[in-house]
Amino acid sequence: MKHENIKNQDAKVYEIIKKEEARREDTLEMIPSENHTSPAVLEALSSILSDKYAEGYPGKRYYGGNEHIDEIEALCQERAKKLFGVPFVNVQGYSGSPANMAVYFALLNPGDKIMGMSLTAGGHLTHGWKVNFSGTYYDSVFYEVDEETGLIDYEKVEEIAEREKPKLIFAGATSYSRLIDFKRFREIADKVGAYLCADISHISGLVISKEHPDPAPYVHIITTTTHKTLRGPRGALIMVTESGLKKDESLPEKINRAVFPGLQGGPHENQIAAIAVCLKETMSPSFAEYGRKVVSNCRKLGEELKKRDFNIVSGGTNNHLLLIDLRNKGISGKKAQELLERAGITLNKNAIPFDPNPPAEPSGIRMGTPAITTRGMGEEEMTKIASFISRVITEQSTETADKVREEVKEMCNKFPMSK
Ligand SMILES: *Cc1c(COP(=O)(O)O)cnc(C)c1O
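Residues numbered from 1 in each chain as written. Predicted model: local features only at pLDDT ≥ 70, side-chain atom pairs only at ≥ 80, totals over all residues. Heavy atoms only, no water.

> Tell me about the site of the ligand, and please be specific about residues and values.
Taken together, 13 residues sit near the ligand, with Ser95, Ser97, Asp199, His202 and Lys228 positioned nearest. Between glycine 96 and the ligand, the recorded distance is 3.0 Å, taken from a backbone N or O atom to an oxygen atom. Within the contact set of the ligand, an oxygen atom lies 3.3 Å away from a side-chain nitrogen or oxygen of histidine 227. For the ligand, the accessible surface in isolation is 380 Å², of which the surrounding protein chains cover 87%. Top contributing element to the shell around the ligand by residue count: helix 5 (residues 96-107), with 3 residues. Here the residues of the shell around the ligand are counted per class, giving 1 nonpolar, 10 polar and 2 charged. (Near = heavy atom within 4 Å. Polar contact = N/O pair within 3.5 Å; in protein donor to acceptor, adjacent residues only side chain to side chain. Areas by Shrake-Rupley, 256 points an atom, 1.4 Å probe, with all protein chains shown as cover. Helix = DSSP H or I, 4+ residues; strand = E, 2+ residues; numbered from the N terminus. Nonpolar A, V, L, I, M, F, W, Y, C, P; charged D, E, K, R; others polar.)

Following this line, the structure appears as structure tokens:
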């Protein structure tokens, strides 16, 4: 994008955008929840659809002048339903956290019991964590991963569910590198009569490209962000499945009312248009190929790191991310993140399951391949990246980090970003 108008009337903002363009051009974006959107998605985001107030839903708006807004929102809904094979979707969620909030608000009363994966095991803040609304207004209980294997222990999940009888169970994670067994979760939810929500924010792009099992046949509700592996604008989808309708035919109405007027005001129709554009992109065969490459790149990166004596939590990956336990390397996650950032590799410090160290200085780092795969990188680059990471972590010196930064830049510049 040229940003000519910003350039002419607001030099300060223009300059910051240019600096950010240069940063991402020259560095490796390996935060697993990030991706790079297409120019078409960005065009939709910056379209005039941003201006319109459209409180309500297609055909039932509180303001006039919405005939074309209705068309764009209905188109987005149709595409999402087709793509995920569900009978209902709400496309107005501003982002993943508000979308999850809408699920709580639709189904529960304050103080009701919910169950999610604990944050330290790889779950998300909105699955009941203390400092989040979900742990403040609801009574939350957690399941963990097995300390030995790093995998979800479904027997334990069942045990906790039967003891605690939650009304709502969340299946989904932000730092779990293995497949999630939604069928097993459903058996557990049915035993205690709970609603089951799959939060596939991280993996929705992999579900679409059939690299991760589909939750739709098993869960009642699916939430997802649209900006992670799905590669769209920031935003969210809240879906009700066929089996959700069977459990409670008023679920769509409950979800819609929770989003508006329950929690949000006017929908961001420019964002909804951008989600529609993203969904069309994900329907193409090249997106299925993208999903395959994200996963094969991640597997390759994991194998190469293992060769360099890195400990991967759960021993490997079946998806787009890796969680590394750095304790054998004599460096904290925080220090590793800082040194790697200096070396032009952006990833994040992360707690490992049962981390003996405090959250501010966790023992791990988390990294993923969605953005670098969008950029066109393949297995050859994964080997190089593993070697960059290994040099920085082993030598732990700013000189090495600065040297690696030059090599990272050289590699990145072979994969130019669209501007
Ligand atoms: C990212 C994420 C969210 C929240 O999305 P935001 O857009 O950051 O609010 C919710 N759940 C899971 C599992 C996520 O990974």
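> Break down the sheet that holds strand 10 (residues 236-240) for me, with residues and values.
The mixed open sheet is built from 7 strands, whose spatial order is 4-10-9-8-7-5-6. Of all strands in the sheet, those bounded by a partner on one side alone are strand 4 (88-90) and strand 6 (139-143). Geometrically, the sheet is characterised by an average inter-axis angle of 20 degrees between neighbouring strands, direction not taken into account. Bridging between strand 7 (residues 168-171) and strand 8 (residues 195-199) involves 4 bridges; their strand directions are parallel. For leucine 168, the partnering residue across the bridge sits in strand 8 and is tyrosine 195. Packed on one face of the sheet, helix 4 (residues 67-84) meets strand 4 and strand 10 and runs near 130 degrees to strand 4. (Pairing = 2+ DSSP bridges. Axes fitted to C-alpha atoms, helices over the stretch in contact; angles between N-to-C directions. Contact = heavy atoms within 4.5 Å.)

> Lay out the domain arrangement of the protein in plain terms, naming residues and giving numbers.
Domains assigned within the protein are domain 1 (43-282) and domain 2 (293-413). Of the residues lining the interface, 20 residues belong to domain 1; the matching set on domain 2 comes to 19 residues. When domain 1 packs against domain 2, the two sides together hide about 1600 Å² of surface, and 57% of this comes from carbon and sulfur. Counting the contacts that link domain 1 with domain 2 gives 0 salt bridges. Seen at the junction of domain 1 and domain 2, the total is 10 residue pairs in polar contact (both at pLDDT 80 or more). Looking at the side of domain 1 that touches domain 2 residue by residue, the class counts come to 6 nonpolar, 8 polar and 6 charged. (Domains from an automatic or database assignment. Buried area = accessible area lost by both parts, 1.4 Å probe. Salt bridge = Lys/Arg side-chain N within 4 Å of Asp/Glu carboxyl O.)

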